[in-house]
Amino acid sequence: QVQLVESGGRLVQAGDSLRLSCVASGRAFGTYTVAWFRQVSGKEREAVATISGRGGSSDVAASVQGRFTISRDNAKNSAYLQMNNLKPEDTAIYYCAAGGMHRGVSLPARSYDYWGQGTLVTVSS
């Protein structure tokens, strides 16, 4: 079992940067792929970035390419999403998820076993 807690979401202005954190409790965090998803009301959850268990492989969605970076520190049982040059369309609830093998952002939400409660990011224009 893995419990995930996200933090770092807040109201920012367009062009600002923000770093989200995901702290895990439980065993063997380093064996799990971690993904960041986001969801806007009425829409499906969208994967924005993923990273393999040891951090050797990562992937980001085309919509955030060049602006978002995912990383992890297994010694701290943590994963991060660095978001730069934020845009109003990045406004969403951001979720951290953990699951099995790393397959990139094409892997749907149902493929992940563990989820955090989400953190709200609001980008004003």
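Residues numbered from 1 in each chain as written. Predicted model: local features only at pLDDT ≥ 70, side-chain atom pairs only at ≥ 80, totals over all residues. Heavy atoms only, no water.

Some words on the state of the cysteines
Note the following rule: Cysteine sulfurs are considered disulfide-paired once they come within 2.5 Å of each other. To qualify as a helix, a DSSP run of H or I must reach at least 4 residues; to qualify as a strand, a run of E must reach at least 2; elements of each kind are numbered from the N terminus.
Evaluation of the coordinates by the stated rule reveals one disulfide. A sulfur-sulfur distance of 2.1 Å marks the disulfide that ties Cys22 to Cys96. The sign of the -75 degrees torsion about the S-S bond sets the Cys22-Cys96 disulfide as left-handed. Taken together, the residues Cys22 in strand β3 (residues 18-26) and Cys96 in strand β9 (residues 92-99) connect sequence positions 74 residues apart.

As for the pairing of strand β7 (residues 68-73)
As a reminder of what qualifies: A 1.4 Å probe rolled over the protein chains alone gives each residue an accessible area, and that area as a share of the maximum for its type sets the label: buried under 20%, exposed over 50%, partly exposed in between. In this analysis, strands are considered paired if DSSP registers two or more bridges between them.
Residues of β7 alternate between two faces, with Phe68, Ile70 and Arg72 buried on one and Thr69, Ser71 and Asp73 left unburied on the opposite face. In this structure, β7 lies alongside strand β8 (residues 78-83), joined through six bridges in antiparallel fashion. In the sheet register, Phe68 faces β8, and the bridge partner there is Met83. Between β7 and β8, which pair antiparallel in sequence order, lie four residues; one of them, Asn77, sits at a positive phi of approximately 50 degrees.

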